[in-house]
Amino acid sequence: MSELIISGLKAIISGTGTEILRGIDLTIRSGEVHAIMGPNGAGKSTLSHVLMGKPGYSVTGGTVELDGVDILSMETWQRAQAGLFLGMQYPTEVPGVSLRDMLAASFAASDRNRDDLDSLIRSEADRIGFDQKFLERPLNVDLSGGEKKRNETLQLGVLRPKIAILDELDSGLDVDALRMVSQRVEAATEEDQLGVLVITHYSRLLEELRPDHVHVLAGGRIVKSGGPVLADELEETGYASYGADDDGEAEAGGQPSEGETFADMFADPLA
Ligand code: ADP
Ligand code: MG
């Protein structure tokens, strides 16, 4: 049983005073699926980056613990070894390193037996309909958006992390790929008790990957949490009542406009 506890997490862009995360509280346990939705520029990807330790951000408050261990003081690779996984919104191209090389290096670094790695990779590729020809190609290079997302999902299946953060896993996927990928992650929550934090704009993803909790992130804070039905409501109503324009872009980067407080921006529309 694993637990990722995020409390009061605040972060800025390094070297600036720009605060993007303004106090995030979230607990993700094994087997749970938490969906985060919210307008563009709300800080969703920033949250995923800060959790995984991407350079360029400075944590200015709060804590993040995985099974009681502070992960914010760890290097990114140590966080990965501790059982944290990030499926990136824009997966990085790594010329010269194949997916297989990368997974083999990861297994070696954690002293995992590599005897079955190839068969594991092949069976994972089959599960999500990922063409075997991509396995030996340089990681993500010249892959379509959808192929990159399948690539991320394959890594998840092979590496078997404790907690996965999946940033817009659905972007670029056609309906068939979306179904296979979301079914694969849902299966991991049952077979391996994977805990999931999935960022998405569309409730379609959540038809197969069934969330236990849905959260709205706006202006660097979680402004509303609810059950699965909240995802459908958001798709209907958009985020206008959470301080975003109809185009989904948060006003002034999610900052309150002049004379307006955050409380004004995020007042409960139903209250
Ligand atoms: P979301 O994923 O919710 O759409 P992001 O977390 O990507 O939003 O971005 C939140 C805000 O932080 C945006 O206004 C974005 O432009 C800004 N931002 C993120 N990373 C950086 C950076 N490295 N430098 C400057 N601004 C950044
Ligand atoms: Mg994003």
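Here, every reference points to the structure presented above.
(A) Quick look at the overall build of the protein chain. Across its full length, the protein chain holds 9 helices and 12 strands. Relative to its 271 residues, the protein chain shows a buried fraction of 39%. Look at the contacts in the protein chain between residues 6 or more apart in sequence, and 70% of them connect residues 24 or more apart.

(B) Structural context of the sheet that holds strand S3 (residues 33-37). One open sheet accounts for 6 strands, arranged S6-S9-S10-S3-S11-S12; its pairing is mixed. Unpaired on one side and paired on the other, strand S6 (84-87) and strand S12 (221-226) mark the two borders of the sheet. For this sheet, the mean angle separating the axes of adjacent strands, direction not counted, is 20°. Note: strand S9 (residues 163-167) against strand S10 (residues 195-199), 5 bridges, orientation parallel. Note that in S10 the partner of Ile 163 across the bridge is Gly 195.

(C) Spotlight on the packing of helix H4 (residues 117-127) against helix H5 (residues 145-159). Where H4 meets H5, the closest approach of the two axes is 9 Å, and the angle between their N-to-C directions is 130°. Taken as axis vectors, H4 and H5 run oblique relative to one another. In the packing of H4 onto H5, the handedness of the crossing is right-handed. Only Leu 154, Gly 157 and Val 158 of H5 make contact with H4, whose side of the interface consists of Leu 120, Ile 121, Glu 124, Ala 125 and Arg 127. Residue classes in the contact of H4 with H5 are distributed as 5 nonpolar, 1 polar and 2 charged.

The rules behind each value
Residues numbered from 1 in each chain as written. Chains lettered and ligands numbered in written order. Predicted model: local features only at pLDDT ≥ 70, side-chain atom pairs only at ≥ 80, totals over all residues. Helix = DSSP H or I, 4+ residues; strand = E, 2+ residues; numbered from the N terminus. Buried ≥ 20, exposed ≤ 12 C-beta atoms within 10 Å, placed from the backbone. Contact = placed C-beta atoms within 7 Å. Pairing = 2+ DSSP bridges. Axes fitted to C-alpha atoms, helices over the stretch in contact; angles between N-to-C directions. Parallel < 35°, antiparallel > 145°, perpendicular 65-115°, else oblique. Left-handed = near helix turned anticlockwise from the far one by under 90°. Nonpolar A, V, L, I, M, F, W, Y, C, P; charged D, E, K, R; others polar.

In short, shape yes, function no, at least from these values alone.
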